[in-house]
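Here is what each chain is made of, one letter per residue.
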Amino acid sequence: MAAKRTSAKAVSELVDGLGDRLGRELSTQSVLFHQAIAARLGLKGTDHKYLDVVRRAAEAGPVTPGDLVQLTGLTSGGVTGVLDRLEEAGFVRRVKHPSDRRQLVVEPVTERYAEIGALFAPFRERWAVLCSRYSLDELRLICDFFEQATALMAEEIARMQRPAEPEAAPASAAPRAGARAARGTKARPRRTS
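Now for a look at the structure at hand. (Residues numbered from 1 in each chain as written. Predicted model: local features only at pLDDT ≥ 70, side-chain atom pairs only at ≥ 80, totals over all residues. Heavy atoms only, no water.)

1. Topic: the nonpolar core
Convention followed: In this description, a nonpolar core means a group of buried Ala, Val, Leu, Ile, Met, Phe, Trp, Tyr and Cys residues linked to one another through side-chain atoms lying within 4.5 Å. Buried, partly exposed and exposed residues are distinguished by accessible area as a fraction of the type maximum, computed with a 1.4 Å probe on protein chains only: under 20%, between the cut-offs, and over 50%, respectively. For helices the rule is a DSSP run of H or I covering at least 4 residues; for strands it is a run of E covering at least 2, with both sets numbered from the N terminus onward. Pairs of residues are marked as contacts when any of their non-hydrogen atoms sit within 4.5 Å.
Judged by nonpolar contacts, the single largest core of 19 residues is most densely connected at Leu-68, Leu-86, Phe-91 and Val-92. Counting only elements with at least two residues in this core, the list comes to helix 1 (2-40), helix 2 (47-58), helix 4 (76-88) and helix 5 (113-131). Once residues lying within four places of it in the same chain are set aside, the contact partners of Leu-68 are Val-53, Val-54, Val-63, Gly-73, Val-79, Leu-83 and Val-106.

2. Focus on the packing of aromatic side chains
To be explicit about the condition: Ring pairs shown here join Phe, Tyr and Trp side chains whose ring centres sit within 6.5 Å, with only the six-membered ring taken for Trp; geometry is labelled stacked below 30 degrees between planes, edge-to-face above 60, and tilted in between. Look at NZ for Lys and CZ for Arg. If either is within 6 Å of the ring centre and within 35 degrees of the ring normal, a charge sits over the ring.
Applying the stated criterion across every chain yields a total of 4 aromatic pairs. Plain terms: the ring middles of Phe-33 and Phe-123 are 5.1 Å apart, the flat faces sit at 40° to each other, and that makes the pair tilted. Of the two residues, Phe-33 is situated in helix 1 and Phe-123 in helix 5; the sequence distance between them amounts to 90 residues. Note on Phe-33: relative accessible area 27%, which makes it partly exposed. A ring pair is formed by Phe-123 and Trp-127, whose centres lie 5.8 Å apart and whose planes are at 35°; its orientation type is tilted. Here Phe-123 pairs with Trp-127, and both are found in helix 5, just 4 residues apart, close to one helical turn. These aromatic residues form a ring-pair network of at least three members: Phe-33, Phe-120, Phe-123 and Trp-127. For Arg-55, the ring lying beneath its charged end belongs to Tyr-113, and the centroid distance is 3.8 Å. The ring of Phe-91 has Arg-112 sitting right over it, with the charged end atom 3.9 Å from the ring centre.

3. Regarding the side chain of Asp-47
This is how the line gets drawn: In protein, a polar contact requires one atom able to donate a hydrogen and another able to accept it; more generally it is a pair of N or O atoms within 3.5 Å, and residues adjacent in sequence count only if both atoms are side-chain atoms.
Residue position: Asp-47 is located in helix 2. Assessed through its relative accessible area of 1%, Asp-47 is described here as buried. Separated by 2.6 Å, the side chains of Asp-47 and Arg-85 make a polar contact.

4. Some details on the packing of helix 2 against helix 4
Quick note on the threshold: Here an angle of 0 to 180 degrees is reported between the N-to-C directions of two axes, which are lines fitted to C-alpha atoms, with helices fitted over the stretch in contact. Roughly parallel means an angle under 35 degrees; roughly antiparallel means over 145; roughly perpendicular covers 65 to 115; every other angle is labelled oblique. Each residue receives one of three labels: charged for Asp, Glu, Lys and Arg, nonpolar for Ala, Val, Leu, Ile, Met, Phe, Trp, Tyr, Cys and Pro, and polar for the others, Gly being one of them.
Interaxial distance between helix 2 and helix 4 falls to 10 Å at its minimum, and their mutual angle equals 90°. For the element pair helix 2 / helix 4, the angle class is roughly perpendicular. On the side of helix 2, the interface is formed by Asp-47, Tyr-50 and Leu-51, while helix 4 contributes Val-82, Arg-85 and Leu-86. Per-class residue counts for the contact of helix 2 with helix 4 are 4 nonpolar, no polar and 2 charged.

5. Examining the pattern of salt bridges
For clarity, the cut-off: For salt bridges, the criterion is a side-chain nitrogen of Lys or Arg within 4 Å of an Asp or Glu carboxyl oxygen.
Overall, the coordinates contain 10 salt bridges when judged by the stated rule. A salt bridge links Asp-52 to Lys-49; the shortest N-O distance between them is 3.9 Å. Of this pair, Asp-52 and Lys-49 both sit in helix 2, 3 residues apart, which is roughly one turn of that helix. A residue is classified by how much of its surface remains accessible, and Lys-49, at 33% relative accessible area, is partly exposed. Across the pair Arg-140 and Asp-137 runs a salt bridge whose closest N-O atoms are separated by 3.5 Å. Of this pair, Arg-140 and Asp-137 both sit in helix 6 (residues 136-161), 3 residues apart, which is roughly one turn of the helix. On the basis of relative accessible area, Arg-140 is assigned to the exposed category, the value being 51%. A residue is classified by how much of its surface remains accessible, and Asp-137, at 56% relative accessible area, is exposed. Put simply, Lys-49, Asp-52 and Arg-56 are held in one network by salt bridges that share partners.

In structure tokens form, the structure reads like this:
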């Protein structure tokens with residue numbers, strides 16, 4: 001029994017360390033890395049990641065600014081600002097929708113992909129060296145973990161983007177039947193049936 005408790009405690013500590021220390025640090029370094037890439041491209045910190053959203057969405061068909069509002073959770077004004085910066089830097093262009101002249105479509109400028117890829121090349125090389133330290137089974141496990149963690153994060157993003165539900169007042173805050181109104185408030189007349 002003591003071995004099970006020790007094992008459960010060790011697992012709990014590892015999970016806490018993975019989420020609190022390693023997960024937070026990896027997340028922070030990822031944000032800083034992408035901010036550095038964006039700066040090299042002449043963009044703001046997250047604009048280059050929004051460019052990735054545009055690129056992936058465009059693979060499925062025409063992408064409107066309204067689609068980007070849905071995909072990113074940004075306001076329409078926020079999407080307009082991002083698109084203005086991406087267009088000014090030459091990474092996207094806005095063109096007329098192929099079937100609805102009232103709408104615009106956002107197209108990534110594919111000629112710029114090589115420039116972006118070149119900035120990632122040293123990282124990809126070092127990533128391959130890091131991955132070579134692990135067996136095929138370990139890499140499959142790591143891939144599974146990242147896929148599950150990514151899905152979990154997507155679910156959390158969707159949860160946070162939903163409108164907040166009004167919090168219900170605790171039962172203890174509800175007035176008791178026949179109770180007097182607090183000072184400074186008007187008592188409501190009782191209903192008679």
